[in-house]
Amino acid sequence: MTLFKKLLGVGLFLALVLVLVPWLIERSGRWDFYYTLTSVALLSIASAGVWLTFYIGRINIGQGAYALVGGYVSAILVTQAGMNFWLTLPLAGLFCALLSVLIGLPILRLRGVYFAMVTLVLTEVVRLTALALPITNGARGIVNIPLPTELSLFGLTLIPDFGTLANPKLAFYLAAVIMMILSYAVLYRIVHSRLGHLCRSLQQNEELAASIGVNITYLRILAYSISSFFGGIAGASFVNISQSIYPSSFQVVDSVNFMLNCFLGGLGYVFGPMLGTLLLYFGWDLLFTTGKYQLLIYSSLLILLMLVLPNGLLSLRLSRKAKQPAQASPDKQPSGATP
Amino acid sequence: MEQIIANGLYLGAQYALIALGLTLIFSLMNVLNFAHGQMYVLGGFITYTVVAQLGLPFLLGILVSGLLLALMGAGVEKYLFRPVVARSVREESTMLLAAGIAFFLDAVILLLFGEKQRGIPKIVDGVFNWDFRIIMPYDRIVVGLLALAAVAAFILYMRYSRTGRAMRALAQDRTAAQLMGVDVNRYSMFGFALGAMLAGVAGGLLVSITGVNLGMGGPTSIKAFMMIMIGGAGVISGAIAGGFILGMMESVGLTVLAAYGDVTYLIIFASLMVFLAFRPQGLMGKPWG
Amino acid sequence: MSKRVFLKSLLAGMITLSLGLSVAQADNEVLKIGFVGVTSGPAAAWGISNQRSMETRAAWINETGGVKIGDKTYNVEIVAFDDQKDPKRAIAGMEKMAQEGIHYVVGPNVDDGAAAVRPVAEKNGIIYFPYAFPKTLYAPPASNAILGMVANYQSGPAIYKYLKDNKSVKKAAFVAANESDPLSQRDGGVEAAKALGLEVVSDNVTYQVDTTDFTPVLLPVIRSQPDLLVLSGVSPANAPQLIRSARELGYTGLISTETAQDAQVLKEGAGELANGFISVGGASTPEIASDMMREFVERYTKKFGEYNDESNTKVYALEYILDTLKANPEAIKDVEAFKKTVDTFEAPNPYMKGEAKLKYVGTTSFGQKRQLAVPLVVNVYQDGEFKTLFVAEVD
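Here the structure is a predicted model, which is why all the values come from computation and not from measurement.

## A closer look at the sheet that holds strand 12 (residues 357-361) of chain C
All names here are of chain C.
Link 1 in the chain: Strands sit in the order 11-12-13 across an open sheet of three strands; the sheet is antiparallel. Each of the sheet's edge strands pairs with one partner strand only, and the pair in question is strand 11 (346-348) and strand 13 (371-372).
Link 2 in the chain: Of the strand pairs in this sheet, strand 11 and strand 12 are connected by three bridges, and their pairing is antiparallel. Bridge pairing links Pro 348 to Lys 357 in strand 12.

What follows is the structure in structure tokens.
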């Protein structure tokens, strides 16, 4: 792709999500789509993190844990320290990133399904911790969290007070979409930088990468902490929409869904998780008129999609440009751990 | 103390049976079958239908569960997993397929069998009571023994039958097995059917004790994952060991940590994470059987 | 570029699809009542019994000519949304209800969902009827939620007091699943028991909801030798197994819970071991059920194949909504009018024999009338069916 085409694509996408979608919603009066699309944007940020761990060859089923931690950090800072939500957002992300360094150091040595299982257990551990700790208010959760307040710098309003806005749904939508765009810009940048190449080398063969002088421990931790940062900010944002958080706000099902989003979109494509989230989440909502057959139709479509496009939705593009080598690792890599 | 061990053994026997099928499928095809728990639930509902609705004997119910699940497993492998595995760039992608099948089975179970908890009458009445040191209802003892018998039969089958040997060869090295003339497709399908059958038999057995409901699928899968991780994924003896260890951990943990109440499971799960972090391949070392 | 085209056409397709659906359903003579709750996954039984009660009642009303509110007659349509017990989905469901122009929604079924939908409900003028107990949902400044059943902190004390006075219970033990709702209910129950002067011998044993063998869970509890074992917030799936394990361990005291249960499930899961099990129910026990209740059960069974006793408490929400609207037709479009009517509303209870009334209560617990007066019927299980132990009222 030439630079011009790239810019055009980005421009079109920005126009689509920031102008066209709000306009369409305005015209059609389907206000409920704001929340659905806001969710998609936020969940796809968390999925982007999972995708990045896939990129270093790890199956991550633990993103729900960081989303929950991020949510609690933000909720506690807002309700108990009276902080501005917008300031708690990066703090929630950073807290998750730090936590993930501690957890990642031992567990990132694992591979394949072993790593996957440990992260799955991690989600449950975090849920139970949230139930047991006094600061999280245990089973009763934290409720009545205020809406995001004004953020100003030297008297200049950067972000208005959501409580006084005429249309907070639009505000939440725009905030979420902008965050999503920034996250994917970061992801895109990482993948196409030297760091991205190194990560790919990790995905294919860690021993080889280590033998040519790549600091694999550092690289793995870095990727994992960026991933967890994404999970944290997504969780924190969600909490401020629902204005409440419970230990069950993010659980194993969410962790599994984040992973499925990546598969559905395609592991080889940066924008895969975004598309995967849109389809998995929005698809369920759209099928709601089918009543008791909703789950049956939903799952049948999922299986069918998998049969037609086993490498994810974005592999559609691949078949057009079959000559061009795929971005993903072309050779299969055993999922079982090898010492 | 005797009671705690007895509880742990019973739990372990039932867990081991659940984990076996999962580990078999994983060792043969590198597929982590997210739908394993749903297959277990389906087996339970089939036995329920045969025993409670049609009024037929319990053992026949288990037989029907096993057979139907085996058929389903074979179909799932042949028409779903095989084409996807053949065409996917990264084989982890089968996880999405497995999850899709899990959702699908959940939906089918809800439509066919309803939302209620189901159970069948006790197969044997009475409670074994050894001086209040071990209290164990007879039906639990029977089911525990049946589970152990099924596990033993499976091990013998894998060890001594031609099919079993072929499957073990496949698990060790797919390519080499193929070169040696093992019909990979046929035995993959057979292995998947056997794995699904084990899930069905476990479901059928346990419906007489714990009953069955449509929500048990997901959590059962996750528990089974933990067991095979403790023992070492894809190792048959590992899955059995993992089942018994998790059973004991729960039994002992719940008693010892009862005073701390709410944190019992937190400690069990956290120690599991620590164990896996320091013993990445579980107990049994090599990731194949 | 094909990806872009693909994406766009996908999105466009989705939007047109849903637009088409919403247009097709516009009709003046239909009164839509919403339901947001869990109808799939592990807790499906809760939401399904809810949704089916509403659908049965709606079909019945429509069959007999609709419901007359003010000078118009409406057919009742139930719009149901499955939130999969996920608070994030519950918000989406509530948004969907707002989109459909619905002002009265039954559900959600659990604490986290009920808390999460509150901003949406208040913003869009929706009154919702959760089956969750946290007081913050119903006490001021909250004003749009109305508790759909008797809370455990109301039924618990009544049950314990009855058992203390009539069965000379002295020592109570509590077990709960390690999830938000059951744990909150356990804490409330322990408090109530202590206030009554009962000795609480065990209150910190918890279990995972997916437990398949409860013997290890209950062993330490039974060893503390209670006369009353309370299964706090127990789900219908876990109840029979817990009862069975407790009895098989030689426990001979009383077992009770503050949630609604199903007799068939208890019969299949625990058989005669469940005899004497005390739970909270609605009004379908033969002693107090009216003819209308009997017809409801009949119609439900005909429509869905099998009745669920949990529906005894869940039949009320829709009845309350319609009767309150009848009392004040303005409330159809204006929930503020509904809130005013709530303070004075009273109508006969059609499901129960005798003088029972439909009215809003909750002043003692919440400081405002934000609860349906569902009769607090305490049942005891005996050989496959429930028998009424005593009936009480909540204020």
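Right, picking up where we left off after that structure.
## A word on the nonpolar core
Link 1 in the chain: Counting 343 residues, the largest nonpolar core has Met117(A) and Met94(C) as its most contacted members.
Link 2 in the chain: Looking at which domains feed residues into this core, each of domain 1 (26-149 + 291-374) and domain 2 (152-259) of chain C gives three or more.
Link 3 in the chain: Apart from residues no more than four positions distant in its own chain, Met94(C) is found in contact with Val36(C), Val105(C), Val117(C), Val120(C), Ala121(C) and Ile126(C).

## A closer look at the confidence of the model for chain C
Residues and elements named next belong to chain C.
Link 1 in the chain: Overall, the prediction assigns chain C a mean pLDDT of 87, with 92% of residues at 70 or greater.
Link 2 in the chain: Predicted confidence is poor over residues 19-28, with pLDDT under 50, and the contacts of this stretch with residues over four places away or in other chains come to three contacts.
Link 3 in the chain: Reported confidences for the modelled complex are a pTM of 0.88 and an ipTM of 0.87.

## Remarks on the interface of chain A and chain C
Link 1 in the chain: Tallying the contact residues gives 39 residues for chain A and 35 residues for chain C.
Link 2 in the chain: Secondary structure elements with two or more residues in the side of chain A that touches chain C: helix 1 (3-28), helix 2 (32-55), helix 5 (112-132), helix 9 (216-242), helix 11 (272-286), helix 12 (294-308) and helix 13 (315-320) of chain A.
Link 3 in the chain: Among the residues making up the side of chain A that touches chain C, the classes are represented as 18 nonpolar, 15 polar and six charged.

## A word on the pairing of strand 2 (residues 156-159) of chain A
Residue and element names in this part refer to chain A.
Link 1 in the chain: Inspection of the sheet shows strand 1 (residues 151-153) paired to strand 2 by three bridges, in the antiparallel sense. Each bridged residue has a counterpart across the sheet, and for Leu 151 the counterpart in strand 2 is Ile 159.
Link 2 in the chain: As consecutive antiparallel partners, strand 1 and strand 2 are separated by two residues, and within that stretch Phe 154 has a phi angle of approximately 50°, a positive value.

## Overview of the environment of Arg244(C)
Residues and elements named next belong to chain C.
Link 1 in the chain: Examined against the element boundaries, Arg 244 turns out to sit in helix 8 (residues 239-248).
Link 2 in the chain: Between the C-alpha atom of Arg 244 and that of Phe 214, which follows or precedes it by 30 residues, the distance is 8.8 Å.
Link 3 in the chain: Once residues within four sequence positions are removed from consideration, Arg 244 is found in contact with Gly 269, Ala 270 and Leu 273.

## Notes on unusual backbone geometry
Residues and elements named next belong to chain C.
Link 1 in the chain: The omega angle of the peptide bond from Gly 107 to Pro 108 is -10°, so this bond is cis rather than trans.
Link 2 in the chain: When you line up the elements, Pro 108 lands in the loop between strand 4 (104-106) and helix 4 (111-124).
Link 3 in the chain: Residue Pro 141 follows Pro 140 across a cis peptide bond; omega there is 10°.
Link 4 in the chain: Turning to its location among the elements, Pro 141 is positioned in the loop between strand 5 (127-129) and helix 5 (152-166).

## Here's the deal with the domain arrangement of chain C
Residue and element names in this part refer to chain C.
Link 1 in the chain: By the assigned domains, chain C splits into domain 1 (26-149 + 291-374) and domain 2 (152-259).
Link 2 in the chain: One C-alpha centre belongs to domain 1, the other to domain 2, and the line joining them spans 30 Å.
Link 3 in the chain: If you look at the interface, domain 1 gives 11 residues, while domain 2 gives 10 residues.
Link 4 in the chain: Here the side of domain 1 that touches domain 2 is composed, by residue class, of seven nonpolar, one polar and three charged.

## Examining the packing of helix 5 of chain C against helix 6 (residues 180-195) of chain C
Residue and element names in this part refer to chain C.
Link 1 in the chain: Packing of helix 5 against helix 6 leaves a shortest axis separation of 9 Å and a crossing angle of 40°. It follows from the interaxial angle that helix 5 and helix 6 lie oblique. Judged by the twist between their axes, the crossing of helix 5 over helix 6 is right-handed. Only Gln 185, Gly 188, Gly 189, Ala 192 and Ala 193 of helix 6 make contact with helix 5, whose side of the interface consists of Asn 152, Tyr 153, Gly 156, Pro 157 and Tyr 160.
Link 2 in the chain: Partitioning the contact of helix 5 with helix 6 into residue classes produces five nonpolar, five polar and no charged.

## Regarding the sheet that holds strand 3 (residues 72-82) of chain C
Residues and elements named next belong to chain C.
Link 1 in the chain: Judged by pairing direction, the sheet is mixed, and its five strands sit side by side in the order 2-3-1-4-5 without closing on themselves. Each edge of the open sheet carries a strand with a single partner, namely strand 2 (67-69) and strand 5. This sheet shows a mean twist of 35° between the axes of neighbouring strands, independent of strand direction.
Link 2 in the chain: Relative to strand 4, strand 1 (residues 30-37) runs parallel, the two being bridged by two bridges. Considered in strand 4, the bridge of Phe 35 is made with Val 106.
Link 3 in the chain: The sheet strands contacting helix 2 (residues 44-63) are strand 1, strand 2, strand 3 and strand 4, and the helix crosses strand 3 at an angle near 160°.

## Focus on the interface of chain B and chain A
Link 1 in the chain: At the interface, 43 residues of chain B touch 45 residues of chain A.
Link 2 in the chain: Within the residue set of the side of chain B that touches chain A, elements represented by two or more residues are helix 3 (58-87), helix 4 (94-113), helix 9 (217-231) and helix 11 (264-278) of chain B.
Link 3 in the chain: For the side of chain B that touches chain A, the element with the most residues is helix 4 of chain B, which contributes 12 residues.
Link 4 in the chain: Tallied by class, residues from the side of chain B that touches chain A come to 31 nonpolar, six polar and six charged.

Conventions we followed
- Residues numbered from 1 in each chain as written.
- Chains lettered and ligands numbered in written order.
- Predicted model: local features only at pLDDT ≥ 70, side-chain atom pairs only at ≥ 80, totals over all residues.
- Pairing = 2+ DSSP bridges.
- Helix = DSSP H or I, 4+ residues; strand = E, 2+ residues; numbered from the N terminus.
- Core = buried A, V, L, I, M, F, W, Y, C linked by C-beta atoms within 7 Å.
- Buried ≥ 20, exposed ≤ 12 C-beta atoms within 10 Å, placed from the backbone.
- Domains from an automatic or database assignment.
- Contact = placed C-beta atoms within 7 Å.
- pLDDT = per-residue confidence, 0-100.
- Nonpolar A, V, L, I, M, F, W, Y, C, P; charged D, E, K, R; others polar.
- Axes fitted to C-alpha atoms, helices over the stretch in contact; angles between N-to-C directions.
- Parallel < 35°, antiparallel > 145°, perpendicular 65-115°, else oblique.
- Left-handed = near helix turned anticlockwise from the far one by under 90°.

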